[in-house]
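Examination of the molecular architecture
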Amino acid sequence: MERTLICLIVIFLGTVAHKTSPQGPDRLLIRLRHLIDSVEQLKIYVNDLDPELLPAPQDVKEHCERSAFACFQKAKLKSANTGNNKTIINDLVSQLKRRLPTTKVTRRQKKSIKCPSCDSYEKKTPQEFLERLKWLLQKMIHQHLS
Amino acid sequence: MICAFSTLNLGVMTFMGVDTRCLGLFLLCTIIGHSLEIKVNPPQDFEIVDPGLLGYLYLQWKPPVVMEIFKECTLEYELKYRNVGSDNWKTIITRNLIYKDGFDLNKGVEGKIRTHLSEQCTNGSEVKSSWTETSYWISDAGSLETRIQDMKCVYYNWQYLVCSWKPGEVIHSDTNYTMFFWYEGLHQPLQCTNYLQDNEKNVGCKLSNLESSDYKDFFICVNGSSKMEPIQSSYNVFQLQNIVKPLPPEFLHVTLENSMEIRMKWSTPGGPIPSRCYTYEVVVREDDISWESATDKNDMKLKKRTNDSEELCFFVRSKVNIYCADDGFWSEWSEEECWEGYTAPDSKIIFLLPICFFFVFLLLLLCLIVEKEEPEPTLNFHMDLNKQVYSYEETLC
């Protein structure tokens, strides 16, 4: 009887401890910050990028930030055929295309909002594309932290 | 075409008696061949419209007249635009018939546009039309000297926007300025309701409770009125998160990790700025030598330069980091926090003193308890024990 009681107490303490333990690292924040670093790096190599204009969302409406980011990811950003630094650029571009970690908030949002399709956004130069991507990421970080 | 024409001439000369129908057919072939070179018209009615939003302009156009075969094709438009006087054109490609963006209305705006017909439509290479151009200057009266000067805007702690300006170079004494602002979300431009004044003349404006105003273009117009002459307006565009000046950090703290390492801590300033949006600059002064350091965290560990420094002080200032904004202003420096002269043994004594006092207090308490209890135990205890207790008392109190 006593052993059962002790076991129950231990289990209870274990569950409480698990809940009150510090949260794991904020994976979404880490990824967004890393993305900004990647974009800043790509801006250095902008002259080695393929000059084709790419769809770059701007004036993104509330709650459509994730959808706009997905549009940035779909864009065919790549290094120029004759360009140098191909490996670095391809590596940075693949960083941009990794799926973002979700949070409880974003999972709720996904179902309810109707956001513009990627086709409806204007195409811009790679330089402008990277600037707008950075601004969207800054906005997403601020929103996530607020 | 020249070759076809010379061939035709030759044909006419050598075959004088040829059938006119053959000749006609030949002519028709050359004409069709010429028109097979695909052309597309530029867009129609290209214009720049100012909806009165202090710099947010609509560049709009209508689709060009196209040949029947291309009516089903999706046309794309290449639009270039810039402020008059700027070297670089900004380019966009769109399928829409309108493009909206923020511009600096202090200068004129010019744009040019052409149609693109895609490869799928032409069964060959992409075809582009010629350019059609337009420009826009805001109709503004008044000379340049009447316009305000040195407009400065700072978004204090991401809460209060304060803009200030100096009056125009050459203005009459009755001139007074008014400020309007607009950002997406407001139905129309609003006037400032809280002016900063100097001699009853408006020299600035304080705005607060700007809901959902960050991460988008913020437009400002300062115009003026005077009975003697018209006043030229001045326009500004910026994004609020890039002009933030935070409050300085508070509750500075210096602690010793061990004899050579110090840890400096501070708390994030109060307000709406998230703590992970800050970056800090720390200046440490050890006796007469100072040095600077930067961090994104709320604390910093440093090795002391010398073992026997007498004074160690630091102060810190904050700014919004690059993960939340492109730019910003540094806050004012915090108050200086110092750790004044220490040696390891001293600190140990300071630490031990309260413990000693505590033990002494415990002993006194024990003494009192034993004193009170003495009458009873002496009755029950053996003579030996009694003596023991007695001797114990003597040594203690």
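The structure reproduced in this document is the subject of the present report. From a predicted model like this one, the values you see are computed outputs, not experimental measurements.

In this section: the overall build of chain A. The helix and strand tally for chain A stands at six helices and two strands. Starting at the N terminus and walking to the C terminus, you meet the elements of chain A as α-α-β-α-α-α-β-α. Sequence-distant contacts in chain A: of pairs separated by 6 or more residues, those separated by 24 or more amount to 88%. Of the roughly 9,200 Å² of accessible surface on chain A, 57% is carried by carbon and sulfur atoms.

Here the focus is a nonpolar patch on the surface. Residue and element names in this part refer to chain B. Together, Leu352, Ile355, Phe358, Phe359, Phe361, Leu362, Leu365, Leu368 and Ile369 make up a nonpolar patch on the protein surface, roughly 850 Å² of accessible area in all. Within the secondary structure layout, Leu362 lies in helix H4 (residues 344-373). On the basis of relative accessibility, which here comes to 35%, the residue Leu362 falls in the partly exposed class.

The bulk of non-glycine residues show a negative phi, and the bulk of peptide bonds are trans. Residues and elements named next belong to chain A. The phi angle at Asp59 is positive, at roughly 50°, despite the residue not being glycine. The residue Asp59 is located in the loop between strand S1 (54-55) and helix H3 (65-74) in this model. Judged by its relative accessible area of 36%, Asp59 is partly exposed. Within the chain, His63 stands out as a residue other than glycine whose phi angle is a positive 70°. Looking at the element boundaries, His63 is found in the loop between S1 and H3. Look at His63 and you get partly exposed, because its relative accessible area is 39%.

The next thing to look at is H3(A). Looking only at H3(A), the buried set comprises Glu65(A), Ala68(A), Phe69(A), Cys71(A), Phe72(A) and Gln73(A). Residues of H3(A) that are buried sit in contact with helix H2 (27-44), helix H4 (86-96) and helix H6 (126-145) of chain A.

Take the nonpolar core next. Counting 113 residues, the largest nonpolar core has Leu161(B), Met179(B), Phe218(B) and Ile220(B) as the members making the most contacts within it. When sequence neighbours within four positions are dropped, the list of residues in contact with Phe218(B) reads Leu161(B), Phe181(B), Trp182(B), Tyr183(B), Leu207(B), Leu210(B), Ser213(B), Asn236(B), Val237(B), Phe238(B) and Leu240(B).

In an α-helix, one full turn covers 3.6 residues, which means residues spaced three or four apart are oriented alike. Its 20 residues give H6(A) an end-to-end C-alpha distance of 29 Å, which sits within 8% of 28 Å, the value for a rise of 1.5 Å per residue. Counting buried residues along H6(A), 15 of its 20 residues qualify, which places the element largely inside the surrounding structure.

The partner chain A presents 24 residues to the 26 residues of chain B that form the contact. Between chain B and chain A, a total of about 2,200 Å² is buried, with carbon and sulfur atoms accounting for 50% of that surface. Of all residues in chain B, Tyr215(B), Arg276(B) and Tyr323(B) bury the most surface against chain A, accounting for 30% of the area lost on that side. Where Arg33(A) meets Asp296(B), a salt bridge forms, and the shortest distance between an N and an O atom there is 3.4 Å. At the boundary of chain B with chain A, the tally comes to eleven residue pairs in polar contact (both at pLDDT 80 or more). A total of five residues in the side of chain B that touches chain A trace back to one element, the largest contributor, which is strand S4 (residues 90-94) of chain B. The class makeup of the residues in the side of chain B that touches chain A is 13 nonpolar, four polar and nine charged. The sheet contact formed by strand S2 (residues 123-124) of chain A and S4(B) spans two bridges and is antiparallel. Considered in S4(B), the bridge of Lys123(A) is made with Ile93(B).

Quick look at the packing of aromatic side chains now. Residue and element names in this part refer to chain B. Inspection of the entire model under this criterion finds 18 aromatic pairs over all chains. Aromatic side chains Tyr81 and Tyr99 sit 5.4 Å apart centroid to centroid with 40° between the ring planes, which places their arrangement in the tilted category. In this pair, Tyr81 sits in strand S3 (residues 75-83) while Tyr99 sits in strand S5 (residues 98-102), placing the two residues 18 residues apart along the sequence. Comparing Tyr81 with Tyr99 shows no difference in burial state: the two are buried. Seen from their ring centres, Trp266 and Tyr280 are 5.4 Å apart, and the 65° between their planes marks the pair as edge-to-face. One end of the pair, Trp266, is in strand S19 (residues 261-267); the other, Tyr280, is in strand S20 (residues 278-286), with 14 residues separating them in the sequence. By the burial criterion, Trp266 is buried, and Tyr280 matches it. An aromatic cluster of at least three residues, connected via ring pairs, comprises Tyr56, Tyr58, Trp182 and Phe219. Across from the ring centre of Tyr58, 4.8 Å away, lies the NZ or CZ of Lys100, which sits over that ring. Geometry around Trp131 places Lys112 over its ring, the cationic atom sitting 5.1 Å from the centre.

Let's shift gears to the sheet that holds strand S9 (residues 149-156) of chain B. Remark on secondary structure: sheet strands pair via backbone hydrogen bonds, oriented parallel or antiparallel. Residue and element names in this part refer to chain B. Taken in spatial order, the five strands make up an open sheet running S13-S14-S10-S9-S17, and their pairing is mixed. Edge strands, defined here as strands with exactly one partner in the open sheet, are strand S13 (195-198) and strand S17 (244-245). The sheet contact formed by S13 and strand S14 (residues 201-208) spans four bridges and is antiparallel. Pairing of Leu196 across the sheet is with Gly204, part of S14.

Residue and element names in this part refer to chain B. This structure, assessed with the given rule, holds 27 salt bridges over all chains. One salt bridge connects Arg263 with Glu257, and the closest N-O pair in it is separated by 3.3 Å. In this structure, Glu336 and Arg285 form a salt bridge, with 3.3 Å as the shortest nitrogen-oxygen distance. In this pair, Glu336 is assigned in the loop between strand S23 (311-320) and strand S24 (337-340) and Arg285 in strand S20, connecting sequence segments 51 residues apart.

Further remarks concern the state of the cysteines. Residue and element names in this part refer to chain B. Tallying each qualifying case throughout the model produces seven disulfides over all chains. With a sulfur-sulfur separation of 2.1 Å, Cys192 is cross-linked through a disulfide to Cys205. Negative torsions about the S-S bond denote left-handed disulfides, and the value of about 105° found for Cys192 with Cys205 makes this one right-handed. A residue pair is termed long-range when its members are at least 10 positions apart, and Cys192 in the loop between strand S12 (190-191) and S13 and Cys205 in strand S14 qualify at 13 residues. In this structure Cys205 comes out as buried when scored by relative accessible area, which is 1%. Each sulfur of the disulfide joining Cys313 and Cys338 lies 1.9 Å from the other. Between Cys313 and Cys338 the disulfide shows an S-S torsion of about 105°. By sign, it is right-handed.

What counts as what
Residues numbered from 1 in each chain as written. Chains lettered and ligands numbered in written order. Predicted model: local features only at pLDDT ≥ 70, side-chain atom pairs only at ≥ 80, totals over all residues. Heavy atoms only, no water. Helix = DSSP H or I, 4+ residues; strand = E, 2+ residues; numbered from the N terminus. Contact = heavy atoms within 4.5 Å. Areas by Shrake-Rupley, 256 points an atom, 1.4 Å probe, with all protein chains shown as cover. Patch = residues over 30% accessible without salt bridge, like charges linked within 9 Å, V, L, I, M, F, W, Y side chains within 5 Å. Salt bridge = Lys/Arg side-chain N within 4 Å of Asp/Glu carboxyl O. Buried < 20%, exposed > 50% of the residue type's maximum accessible area, 1.4 Å probe, protein only. Core = buried A, V, L, I, M, F, W, Y, C linked by side-chain atoms within 4.5 Å. Expected span 1.5 Å × (residues − 1). Buried area = accessible area lost by both parts, 1.4 Å probe. Polar contact = N/O pair within 3.5 Å; in protein donor to acceptor, adjacent residues only side chain to side chain. Nonpolar A, V, L, I, M, F, W, Y, C, P; charged D, E, K, R; others polar. Pairing = 2+ DSSP bridges. Phe/Tyr/Trp six-rings, centres within 6.5 Å; stacked < 30°, edge-to-face > 60°. Lys NZ or Arg CZ within 6 Å of the ring centre and 35° of its normal. Disulfide = S-S within 2.5 Å.

Function cannot be read off these values alone, since they describe shape.
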